Amino acid sequence: MLNPTPHRNGTASEIYGDSWYAATIVDAPRRPALYSDLDVDVCVIGGGLAGLTTAREVARKGWSVVLLEANRLAAKASGRNTGFVLPGFGADADKLIARVGFERTKDLWNLAQAGLDYVRDTIRGDQAPGVEPQDGWLYVSKRDDSDEFVKDVALLGELGCDIEGWPTERVREVLRSERYFYAINYVRALAIHPLNYALALAAAAERDGARIFENTPALSIDPSGVRKRIVTPSARLRANHVVLCGNIGLKSLMPRLAATMVPLTTYVITTAPLGDRLTEAVRYSGGVSDTDAADNHYRIVGGDRLMLSGRATTWARNPRRYLRALKADIKRTYPQLGDVEIDYAWAGSLGITVHRMPQIGEVGPGVWLASGFGGHGLNTTAMGGNLIARAIVDSDQTWRQFTPFELVWAGGLIGRAAGQIRVWVKRLRAAVEERRAKARELAHWQARLNAAESDSPAVLEDEEAAASVPDRIDIDAAAVSETLLPEKNPPHTTPSDSAPAETADPAPEPASAERAVPRAGRRPKRTRTSAGRAVEHDAEA
């Protein structure tokens, strides 16, 4: 059951859902709707993070720019997500390498990191109120697979990512859960209040000269000619460039573009204050993810509350339906917290492309697209907005790095159903692998106890085998921040409270980057859509 907390912001909750973010939103002015015709250099459609970044960067160059938002700024995914600002993309690095090669993948990764750095610099430079950045992201494995762990760390190090490889012992010192084994600590990642960040970005864009209009949907676009024509309920605009940043919200305006994404809704909860028992269980101040699936991404907010997201669906549902499942996820990971009470529960929907990469570029003369940021949206929206602004103002061609990731039809209703089945299958597979890993760990310790009781030489053999694990890390020391060490505590022994995260042995120089959103199993047959034809068709519609 959801607690009827008295400190909700009723007005903000109507717009942004019954969220922790709505309850802690900073004061921000309401922008008016557009009622008079305008001529501008650039018209940006969509008031999420991609649109706000684009508008700000175009305005900083001295060009006239208008941003149109159909509802309120950041009312959808941009203001409802878990707030993780991560390096990389939704697509796995090895999949990108197979598609475009290592060097080009490294270039793309650098662009994604630049997007993350842009968010950090904006927060610092504008002294953004209420954003409360927290450093770091810990990607935790629930499988005892040192070979896979070493492979991931090595690849991320080669891509130039700032990471630390953590052995099981160190992970369980900061996350007091027996479910966890190895982890990769992404040193330069952030966790933020995304709604307050979006509002700070909007204020910065207006200071630089951008004009922002809320409750002003774009009803139609005529992309022909040098001056594009945009029709709204009460006014018309003409612009040399139009930038579409609506994600799945483009469905009414550009249905064929929206059809290149599978909608995915995740459900987020925030607990009532848990006091010291939370900070004893979770001694990591940044974001934590413990699965490849869209489950169990969490962090501490408000000092002693736990925010957790998961239970993704391809059809949006009432978040209250998932309260019991999400509470069970918390209890399964941290039984010492007991039965937690939930103060906030909300949902956020985003768009996932078939190739899990963002859609960035010119889809017709003077018509630009920045969309499909699902999975790693906070860094890639910043990246995409900057790339398109530079392309428009400076004729910069860096956006062409994304031309291999074409507009691909996502399969309609069948694609959504297939996407939901993939989520379920991955969740089931992860649960089976976790149980197997825990069974192996228990069997390992039982064998050691039995051998110790019988004074068997198997103890020595087992220690030698464990000590050989670091020898299998055959990569440069700069790529892996620390070697894997055999555990010193059996799985049912909680590490001592005298060894908090701060006193753990420091890792050597970090390496770095990103682990991404789920891999689908077998891909459905793709139908390619010509970007130019899609725009023309949608404009006619």
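Quick caveat: nothing in here was measured; it's all calculated off a predicted structure.

Enquirer: Can you walk me through the overall build of the protein in this structure?
Expert: Within the protein, the secondary structure is distributed over 15 helices and 17 strands. Scored against the burial criterion, the 541 residues of the protein give a buried share of 56%. Sequence-distant contacts in the protein: of pairs separated by 6 or more residues, those separated by 24 or more amount to 78%. With the model as given, the accessible surface of the protein reaches about 22800 Å², and the carbon-plus-sulfur share is 52%.

Enquirer: Explain the packing of helix 4 (residues 93-100) against helix 5 (residues 102-125) to me, please; I cannot follow it from the model alone.
Expert: When two helices pack together, their arrangement is given by the angle between their axes and by how far apart the axes lie. Where helix 4 contacts helix 5, the two axes come as close as 7 Å, and the packing angle between them is 125 degrees. Classified by the angle their axes make, helix 4 and helix 5 are oblique. The two elements helix 4 and helix 5 meet at a crossing, and its hand is right-handed. Where helix 4 abuts helix 5, its residues Ala93, Leu96, Ile97 and Val100 lie against Phe102, Arg104, Thr105, Leu108 and Trp109. Grouping the amino acids of the contact of helix 4 with helix 5 by side-chain chemistry returns 7 nonpolar, 1 polar and 1 charged.

Enquirer: So what exactly am I meant to see when it comes to the pairing of strand 10 (residues 236-244) here?
Expert: Regular strands place side chains that alternate from one sheet face to the opposite one. The sheet contact formed by strand 1 (residues 38-45) and strand 10 spans 7 bridges and is parallel. Along strand 10, the bridge assignment pairs Val44 with Val243. Bridge count for strand 9 (residues 228-231) against strand 10 is 4 bridges, and the pairing is antiparallel. Bridge pairing in strand 10 places Ile230 opposite Leu237. Between strand 9 and strand 10, which pair antiparallel one after the other, the connecting turn spans 4 residues.

Enquirer: When you look at the pattern of salt bridges in this model, what are you seeing that I'm missing?
Expert: It is possible for side chains bearing opposite charge to pair when their charged atoms get close. A complete count under the given rule lists 20 salt bridges for this structure. We note a salt bridge from Asp222 to Arg229, for which the minimum N-O separation is 2.6 Å.

Enquirer: Which parts of the structure should I look at to understand unusual backbone geometry?
Expert: With the exception of glycine, the majority of residues adopt a negative phi angle, and the majority of peptide bonds are in the trans configuration. You will see that Gln127, though not glycine, has its phi angle at about 45 degrees, which is positive. Phi at Arg311 is positive, roughly 60 degrees, even though this residue is not glycine. Within the secondary structure layout, Arg311 lies in strand 14 (residues 305-313).

Enquirer: How do you make sense of the state of the cysteines when you look at a structure like this?
Expert: What makes a disulfide is a covalent bond joining the sulfur atoms belonging to two cysteines. Under the defined criterion, the tally for this structure stands at 0 disulfides. For Cys43, which is in no disulfide, the shortest distance to another cysteine sulfur is to Cys245 and amounts to 10.0 Å. Residue class for Cys43 comes out buried when judged on its relative accessible area of 0%.

Enquirer: Hey, could you run me through helix 6 (residues 146-158) in this one?
Expert: Given 3.6 residues per helical turn, the α-helix brings residues three or four places apart onto the same face. Its 13 residues give helix 6 an end-to-end C-alpha distance of 18 Å, which sits within 8% of 18 Å, the value for a rise of 1.5 Å per residue. Where helix 6 is concerned, the buried positions are Ser146, Phe149, Val150, Asp152, Val153, Ala154, Leu156 and Gly157. Summarising the contacts, the buried residues of helix 6 are in contact with strand 5 (163-166) and strand 6 (183-191). Capping of helix 6 at its N-terminal end is provided by Asp145; its side-chain oxygen lies 3.3 Å from the backbone amide nitrogen of Asp147.

Enquirer: It is not clear to me how the side chain of Arg56 should be interpreted in this structure. Could you clarify?
Expert: With respect to the secondary-structure elements, Arg56 resides in helix 3 (residues 49-60). Other than its neighbours up to four places away in sequence, Arg56 contacts Tyr118, Thr122, Asp126, Leu201, Ala204, Ala205 and Asp208.

Enquirer: Honestly, the environment of Thr403 in this entry has me stumped. Any pointers?
Expert: Along the chain, Thr403 falls in the loop between helix 12 (377-394) and helix 13 (412-453). Judged by its relative accessible area of 41%, Thr403 is partly exposed. Sequence separation between Thr403 and Glu362 is 41 residues; the distance between their C-alpha atoms is 9.6 Å.

Enquirer: Explain the side chain of Ser141 to me, please; I cannot follow it from the model alone.
Expert: As for its position among the elements, Ser141 is in the loop between strand 4 (134-140) and helix 6. Polar contacts involving the side chain of Ser141 include one to the main-chain carbonyl oxygen of Arg143, which spans 2.8 Å. Those residues in contact with Ser141, other than ones at most four positions away along the chain, are Arg179, Tyr180, Phe181 and Tyr182.

Enquirer: Could you clarify how one ought to interpret the nonpolar core in this entry?
Expert: Soluble, globular proteins show a tendency: their nonpolar side chains are buried together. Core analysis: the largest hydrophobic core is formed by 86 residues, its most contacted members being Phe89, Ile192, Tyr197 and Phe402. With residues near it in sequence (within four places) discarded, Tyr197 still touches Leu49, Tyr118, Val119, Thr122, Ile123, Val131 and Ile192. Membership of the second largest hydrophobic core comes to 31 residues, among which are Leu138, Val140, Leu306 and Ala345.

Rules and cut-offs
Residues numbered from 1 in each chain as written. Predicted model: local features only at pLDDT ≥ 70, side-chain atom pairs only at ≥ 80, totals over all residues. Heavy atoms only, no water. Helix = DSSP H or I, 4+ residues; strand = E, 2+ residues; numbered from the N terminus. Buried < 20%, exposed > 50% of the residue type's maximum accessible area, 1.4 Å probe, protein only. Contact = heavy atoms within 4.5 Å. Areas by Shrake-Rupley, 256 points an atom, 1.4 Å probe, with all protein chains shown as cover. Axes fitted to C-alpha atoms, helices over the stretch in contact; angles between N-to-C directions. Parallel < 35°, antiparallel > 145°, perpendicular 65-115°, else oblique. Left-handed = near helix turned anticlockwise from the far one by under 90°. Nonpolar A, V, L, I, M, F, W, Y, C, P; charged D, E, K, R; others polar. Pairing = 2+ DSSP bridges. Salt bridge = Lys/Arg side-chain N within 4 Å of Asp/Glu carboxyl O. Disulfide = S-S within 2.5 Å. Expected span 1.5 Å × (residues − 1). Polar contact = N/O pair within 3.5 Å; in protein donor to acceptor, adjacent residues only side chain to side chain. Core = buried A, V, L, I, M, F, W, Y, C linked by side-chain atoms within 4.5 Å.

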